[in-house]
Amino acid sequence: MIASALQSIRSQIPQDVEIVAVSKFHPVSSLMEAYQAGQRSFGESRPQEFAAKVPQMPSDVRWHFIGHLQTNKLKLVLPYVTMVQSVDSLHLLEAISRWGQANSRRTDVLLELHLGAEETKQGFSEEEILDIVTRPEASFPGVRIRGLMGMATNTDDESLIEADFARIQALFKQISGACLDQLSIGMSGDWPIALRHGATMVRIGTSIFGPREY
Ligand SMILES: *Cc1c(COP(=O)(O)O)cnc(C)c1O
C-alpha cells in the first residue's frame, strides 16, 4: 500500500521536485516499506521520535526536520539531519549556527515564513526574512540558508491556499540565488497547488502512509 501510494504520487510530481515522506507518528516498519520502495528523504517533527528512529533506519536516509525545534533539543537532531526546514526564529537560527561552529558543520536550513491566519503563529514575517538573508554571509557561519518553507492555511478554500503560496513564491523569487534555491511548500492536501507556485520540495505524509494515530 505504501509502495503503491508512493508510486502514484511520484508519477504525478516532476522528477526535479524532491518528495519528503513525512513519517511522524508512523512506525519504523512503515518507513522501511517506503525505503524499500526507493524513498530516501523522510521528514520528522518531534526530536525524541526522530532520535529514536534514526538508528533503526539505513544510513543513507536523508532526514528533514520539519517541526518546532527548541534549542535544548538541538543535540538530538542536528547530528543526523540533512536539513532543518522549520527554522522559525532568529534565536533558533543563531543556536543552530553556534552548534555548527562548535561541531565544524554547516547545517542546511530553510526559513519558515508565517502563512495562513489564525491557527499558528509559527514562522517569520517577510521583513524578518529579508533582514536575515541580507546580512553578511559571516553572520551565521554554522548554517547554510537554502530557502523557504511554508504551510498554507488549513482550509478547503483553494483561493486562500493559492494566496498563501503566491506570497511565499514572491518572496522566494526576490531572495533566491545560487545556494538559496529551495522552496518547500505543499502537503498531502495541497501539493498540486504548490507545484504551480514553484515548489522544489513537497512534504507528504498522509497520502503516503495513511492517517496518523496520535
Ligand atoms: C505533518 C506535516 C506535513 C505532512 O502533512 P500531510 O497532510 O500528512 O501530508 C507537512 N509539513 C509539515 C510541516 C508537517 O508538520
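Heads up: the structure comes first, above all this text.
The following paragraphs examine the structure supplied in this document. Only a predicted model underlies this, so the values are computations on that prediction, with no experimental measurement involved.

Points about the overall build of the protein chain
If you tally the helices and strands in the protein chain, you get 9 helices and 8 strands. Dimensions along the principal axes, computed over C-alpha positions, put the protein chain at roughly 45 × 40 × 30 Å. Looking at the protein chain as a whole, 50% of its 214 residues are labelled buried. In the protein chain, the proportion of contacts linking residues at least 24 apart, taken out of those at least 6 apart, comes to 58%. Each charge sign in the protein chain was given a centre, from 20 positive and 25 negative side chains, and these centres are 7 Å apart.

Some thoughts on the site of the ligand
Surrounding the ligand, one finds V22, K24, I66, M151, M187, S188, R203, I204, G205, T206 and R212. The contact in question runs from an oxygen atom of the ligand to an N or O atom on the backbone of G205, over 2.8 Å. Relative to its unbound accessible surface of 390 Å², the ligand loses 90% to contact with the protein. When atoms are counted within 2 Å of each cavity's grid points, the one that captures over half of the ligand is the largest pocket. Looking at the shell around the ligand residue by residue, the class counts come to 5 nonpolar, 3 polar and 3 charged.

Concerning the packing of aromatic side chains
Working definition: an aromatic ring pair is given by the centre-to-centre distance plus the angle between the planes. In total, this model carries 4 aromatic pairs according to the counting rule given. A ring pair is formed by F25 and Y214, whose centres lie 4.4 Å apart and whose planes are at 75°; its orientation type is edge-to-face. With F25 in the loop between β1 (18-22) and α2 (28-36) and Y214 in the segment after α9 (206-209), this pair connects stretches of sequence that are 189 residues apart. Note on F25: relative accessible area 25%, which makes it partly exposed. Joined through ring pairs, the aromatic side chains of F42, F50, W63 and F65 make up one cluster. Over the ring of Y35 we find R40, and its NZ or CZ is 3.6 Å from the ring centre. The positively charged end of R46 is found above the aromatic ring belonging to F25, 3.9 Å away from the centroid.

Regarding the environment of L74
As for its placement among the helices and strands, L74 is situated in helix α4 (residues 74-77). Residues L74 and W99 lie 25 residues apart in sequence; the distance between their C-alpha atoms is 8.0 Å. Setting aside chain neighbours within four positions, we find L74 in contact with L69, P79, L92, A95 and I96.

Definitions and cut-offs
- Residues numbered from 1 in each chain as written.
- Predicted model: local features only at pLDDT ≥ 70, side-chain atom pairs only at ≥ 80, totals over all residues.
- Heavy atoms only, no water.
- Helix = DSSP H or I, 4+ residues; strand = E, 2+ residues; numbered from the N terminus.
- Buried < 20%, exposed > 50% of the residue type's maximum accessible area, 1.4 Å probe, protein only.
- Contact = heavy atoms within 4.5 Å.
- Lys, Arg positive; Asp, Glu negative; His and termini not counted.
- Charge placed at Lys NZ, Arg CZ, Asp CG, Glu CD.
- Near = heavy atom within 4 Å.
- Polar contact = N/O pair within 3.5 Å; in protein donor to acceptor, adjacent residues only side chain to side chain.
- Areas by Shrake-Rupley, 256 points an atom, 1.4 Å probe, with all protein chains shown as cover.
- 1 Å grid on protein atoms, 1.4 Å probe; cavity = no way out; pocket = protein on both sides within 12 Å on 5 of 7 lines; lining within 4 Å.
- Sits in = over half its atoms within 2 Å of the grid points.
- Nonpolar A, V, L, I, M, F, W, Y, C, P; charged D, E, K, R; others polar.
- Phe/Tyr/Trp six-rings, centres within 6.5 Å; stacked < 30°, edge-to-face > 60°.
- Lys NZ or Arg CZ within 6 Å of the ring centre and 35° of its normal.

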